[in-house]
Amino acid sequence: MLPKERILDTVSVLFHKQGYNATGINQIIEEAKVAKASFYQHFKSKEDLCVAFLNERHSFWFNALENFTLAEKEMKSKVLASFDFLIDMNQKEHFRGCSFLNILSEIPSDNVKILSVIQSHKFDLRNYFKSMINDEILADHIYLLFESCIIESQLFKSNQLIEQSKKIIQTLIA
């Protein structure tokens, strides 16, 4: 792997395990096995690294979601498959939760650079459901269920609320 890829791969693990604030640049450099100059050649600051990480995570996550739901042609099936995707991600990532919300909880409210990336990700997720569901209120309802499932499953290390949400969706979508 190239140094930039090693750095991003390393922060993906460290930000999840330790959190954004508890992960220092020196630890990232050491664990990624890159020179300090190489780190700063790619990232001017830890904040810029975080933005790059979140942008990469956004692409990875949406590609995985699209691939997971690709076979579903009907709107209801695609929505339900989106919730199955959460279960799949929880199994693969051991209830990691949402990288965006995890970092949001650690940054100061005036960190516009990182906040705008997080808001953009959530805006895209909300639009994902709006693009499938013709009713804006229903789409927002599904989006909010989806978001709460991410938090609750991380908190309780359980997919139970996701399964419950799928039952709710069965009643919401005719």
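To start, this report covers the structure provided alongside it. The model shown is predicted, which means the values in this text are computed figures rather than measured ones.

### So, the packing of helix α1 (residues 3-18) against helix α4 (residues 46-69)
Where α1 meets α4, the closest approach of the two axes is 10 Å, and the angle between their N-to-C directions is 90°. Considered as vectors, α1 and α4 are oriented roughly perpendicular to each other. Between α1 and α4, the contacting residues are Ile7, Leu8, Val11, Ser12 and Phe15 on the first element and Lys46, Leu49, Cys50, Ala52, Phe53 and Glu56 on the second. Its residues assigned to classes, the contact of α1 with α4 comprises 8 nonpolar, 1 polar and 2 charged.

### Overview of the pattern of salt bridges
A full pass over the atoms with the stated rule returns 10 salt bridges. Arg96 serves as the salt-bridge partner of Glu93, at 3.9 Å between the closest nitrogen and oxygen. An identical accessibility class is assigned to Glu93 and Arg96; each is buried. Among the salt bridges present, the one from Lys130 reaches Asp140, with a minimum N-O distance of 4.0 Å. Here the residue Lys130 occupies a position in helix α7 (residues 112-132), and Asp140 occupies one in helix α8 (residues 136-156), the gap between them amounting to 10 residues. By relative accessible area, Lys130 is classed as partly exposed at 26%. Take Asp140: its relative accessible area is 17%, and that puts it in the buried class. Among the charged side chains, a network of salt bridges with common partners joins Arg126, Lys130, Glu136 and Asp140.

Parameters at a glance
Residues numbered from 1 in each chain as written. Predicted model: local features only at pLDDT ≥ 70, side-chain atom pairs only at ≥ 80, totals over all residues. Heavy atoms only, no water. Axes fitted to C-alpha atoms, helices over the stretch in contact; angles between N-to-C directions. Helix = DSSP H or I, 4+ residues; strand = E, 2+ residues; numbered from the N terminus. Parallel < 35°, antiparallel > 145°, perpendicular 65-115°, else oblique. Contact = heavy atoms within 4.5 Å. Nonpolar A, V, L, I, M, F, W, Y, C, P; charged D, E, K, R; others polar. Salt bridge = Lys/Arg side-chain N within 4 Å of Asp/Glu carboxyl O. Buried < 20%, exposed > 50% of the residue type's maximum accessible area, 1.4 Å probe, protein only.

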